[in-house]
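# Structural overview
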Amino acid sequence: MRLFIDVRCFFYYYLLCVSILKVESSQRKNLYFENEKKNKMWMLLFQISGVFVLIYLYLVWNFQYWKNRNVLSAKAYPIFGSFPKSFMQQLNICYEQMVVFKQYRAKSPFIGIMSGRTPQLLILDSSTAKDILVKDFKNFHDNEVASLTDKESDPIFARNPFMLAGEEWKEKRAEITPAFTHSKLKAMYPVIDDVCTKMTKFIHQEIKKQHPDGIDAKELAAKYTTDVVSSCIYGVDSKAFSDEESVIRKVGSTIFEPNIKFIIYFLLIQMFPFITKIYRMAFVKKETQDFFMKLMADAIKLREDQKIERDDYLNYLLQLKKKKNLPDIEVVAHTITFFLDGFETSSIAIAHMLYYLAANKSTQDKLRKEINDNIGENGRIDLDVLNDMPYMDQAFHETLRKNPPAGISSKVCTSATELTDYDGNIIPVEKGTIVQIPIYCIHHDERIYSDPDTFNPDRFSPENGGLKAYKDKGAFLGFLDGPRQCLGMRFALAQSKAAVAEIIRNFEVTVNPKTQEPLVLDPKGFLLLPVGGLWLNFKSLL
């Protein structure tokens with residue numbers, strides 16, 4: 001019996017031990033699997049952390065670039081670079097540049113900045129800016145956008161002289177420079193004058209409608225410039241002032257509309273510059289290119305069928321095409337150049353000038369007197385007379401000072417060169433370095449322009465040295481300077497002054513409450529326009 005009990009106890013003991021061993025084995029297995037899981041999880045976290053560390057190191061790798069070259073540099077942030085608020089479209093970049101400009105301008109004529117992860121230079125001294133644009137032009141003759149376009153993806157826009165680089169730029173600019181002579185402009189001026197008359201009729205019609213918000217000055221100016229350039233280039237009426245929808249106005253405006261795809265592309269290439277070697281995005285949509293191709297073809301056909309002879313821009317291009325055997329795409333590209341130079345930037349300048357005249361009654365009255373004193377016997381103002389009106393000139397240049405259509409000009413260092421700081425130190429600038437000239441900041445530098453936020457045309461009076469006094473300092477860059485200054489400057493001045501003269505002689509202009517004052521630059525636009533628009537009231541003086 002005792003033996004039976006011992007055997008049974010042993011059997012139970014055996015079962016207990018086996019059970020314990022099974023549990024321990026199971027626990028060990030579970031522990032092993034748990035440890036293996038933890039190890040895998042930690043390994044994954046380590047790999048992810050490693051990737052983030054590598055990305056971070058890549059993004060900040062160049063942040064010591066300017067410090068290593070003994071150049072003062074602005075604070076920069078990974079991804080966002082030196083101007084994070086403009087990167088996030090919270091603030092116009094001109095305002096962020098102004099903060100840096102004021103902080104460092106007394107210490108150095110330039111400062112290192114980061115655009116994404118790309119080291120660039122921001123010019124803080126007007127005379128240095130002038131040197132880059134004029135004296136040292138051979139070392140900075142290309143615009144930054146030249147590297148963003150090619151003729152495969154952007155057959156029209158990439159042929160614009162503004163986009164071209166090197167010898168090709170010289171060749172194409174030389175081709176169309178004769179189209180902007182004073183004699184050519186004088187031949188086109190009756191077209192400009194005719195559009196002025198249409199604009200006056202349009203404003204009278206709008207006044208009768210008694211809009212509580214007045215008239216959007218930017219839209220009014222855009223209608224005007226669309227009609228002018230359409231008539232001068234293509235010899236057609238854009239119908240911008242009619243009740244019909246103006247197709248040319250609609251398509252033309254899309255060229256400068258902020259495109260989210262292009263904005264993302266531009267931001268990506270700031271962080272990963274090699275992308276431009278793999279892919280280049282078109283600035284202009286294919287349907288826009290096709291539209292202007294057809295517009296030019298129709299204009300040529302109309303001219304040939306009706307045997308129309310006009311000494312205008314299209315006529316010049318047709319002669320150039322015949323002389324140099326240019327392909328149609330080259331001719332269309334030249335028409336787009338004229339269209340862009342005469343359309344958007346001029347309309348921005350006109351709208352702002354009307355706003356400043358509306359906000360400064362004494363200035364408006366003084367200009368109106370000058371206009372009325374120069375009206376000819378035919379009731380119109382001749383181009384030569386318009387060009388010789390000093391106060392008109394002063395008011396227009398003060399407008400461009402306060403609100404240049406473009407706030408920045410970005411130049412590429414095309415051959416290695418050197419810049420000198422205030423202490424006489426020589427700073428090497430490598431080929432390919434982008435140099436930003438902050439036009440808006442220079443135009444608002446109180447060391448050059450006293451009380452820069454005030455609209456004061458007398459700054460440019462002959463008694464104060466006129467425009468030349470500021471251009472000699474490199475402090476007026478409304479049309480830039482040097483060999484690459486605005487090609488259509490004469491045309492822009494003529495059509496802009498003609499529009500303002502027509503309006504001020506016929507209407508008293510005041511600011512409508514819908515205009516958000518003080519003006520704040522839109523952080524999303526490529527060109528400088530205020531948030532909310534420029535809304536004005538017009539009262540007939542007849």
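Procedures and definitions
- Residues numbered from 1 in each chain as written.
- Predicted model: local features only at pLDDT ≥ 70, side-chain atom pairs only at ≥ 80, totals over all residues.
- Heavy atoms only, no water.
- 1 Å grid on protein atoms, 1.4 Å probe; cavity = no way out; pocket = protein on both sides within 12 Å on 5 of 7 lines; lining within 4 Å.
- Points joined across faces, edges and corners; volume = space filled by probe spheres on them.
- Helix = DSSP H or I, 4+ residues; strand = E, 2+ residues; numbered from the N terminus.
- Nonpolar A, V, L, I, M, F, W, Y, C, P; charged D, E, K, R; others polar.
- Axes fitted to C-alpha atoms, helices over the stretch in contact; angles between N-to-C directions.
- Parallel < 35°, antiparallel > 145°, perpendicular 65-115°, else oblique.
- Left-handed = near helix turned anticlockwise from the far one by under 90°.
- Contact = heavy atoms within 4.5 Å.
- Pairing = 2+ DSSP bridges.
- Salt bridge = Lys/Arg side-chain N within 4 Å of Asp/Glu carboxyl O.
- Buried < 20%, exposed > 50% of the residue type's maximum accessible area, 1.4 Å probe, protein only.

Let us look at the layout of surface pockets. Taken as a whole, the second largest pocket holds about 720 Å³ of empty space. What lines the second largest pocket is a set of 33 residues, and nearest its centre among them are Glu144, Ser147, Thr276, Gly432 and Ile434. Secondary-structure elements contributing two or more residues to the lining of the second largest pocket are strand E2 (118-123), strand E3 (142-143), helix H9 (260-271) and helix H10 (275-278). Looking at the lining of the second largest pocket, its residues break down into 14 nonpolar, 10 polar and 9 charged.

Moving on to the packing of helix H12 (residues 313-324) against helix H13 (residues 328-342). Pairs of packed helices are described in terms of their axes, by the angle between the two and the distance that separates them. Running from amino to carboxyl end, H12 crosses H13 at an angle of 150 degrees, the nearest separation of the two axes being 10 Å. Considering the angle they form, H12 stands roughly antiparallel to H13. Considering how the two elements wind past one another, H12 and H13 form a crossing that is right-handed. Residues Tyr313, Leu317, Leu320 and Lys321 of H12 form the contact with H13, whose own contacting residues are Asp328, Val331, His334, Thr335 and Phe338.

Another point: empty space enclosed by the protein. Tallying each qualifying case throughout the model produces 1 cavity of 30 Å³ or more. The computed volume of the largest cavity comes to approximately 70 Å³. Around the largest cavity, the lining residues are Tyr189, Asp193, Cys196, Arg380, Ile381, Leu386, Ala498, Ala501, Glu502 and Arg505. Those elements giving two or more residues to the lining of the largest cavity turn out to be helix H6 (182-208) and helix H20 (489-506). When residues of the lining of the largest cavity are assigned to their parent elements, the largest contribution, 4 residues, is made by H20. Split into classes, the residues belonging to the lining of the largest cavity amount to 6 nonpolar, no polar and 4 charged.

Turning next to the sheet that holds strand E1 (residues 110-115). The strands making up a sheet associate through hydrogen bonds between their backbones, and the pairing can be parallel or antiparallel. Strand order across the open sheet formed by 5 strands is E1-E2-E8-E5-E3, with mixed pairing between neighbours. At either end of the open sheet lies a strand with only one pairing partner, and these are E1 and E3. Bridge count for E3 against strand E5 (residues 409-412) is 2 bridges, and the pairing is antiparallel. When the bridges of E5 are listed, Asn143 appears paired with Lys411. Contacting E1, E2 and strand E8 (434-437), helix H3 (residues 93-104) runs over the sheet at an angle of about 65 degrees to E2.

All right, on to the pattern of salt bridges then. Under the defined criterion, the tally for this structure stands at 32 salt bridges. With a shortest N-O distance of 2.8 Å, Asp365 and Lys361 are connected by a salt bridge. One end of the pair is Asp365 and the other is Lys361, both in helix H15 (residues 361-373) and 4 residues apart, which spans about a single turn. For Asp365, a relative accessible area of 32% corresponds to the partly exposed category. Each of Arg159, Lys172, Glu175, Lys324 and Glu330 takes part in salt bridges that share partners, so that together they form one network.

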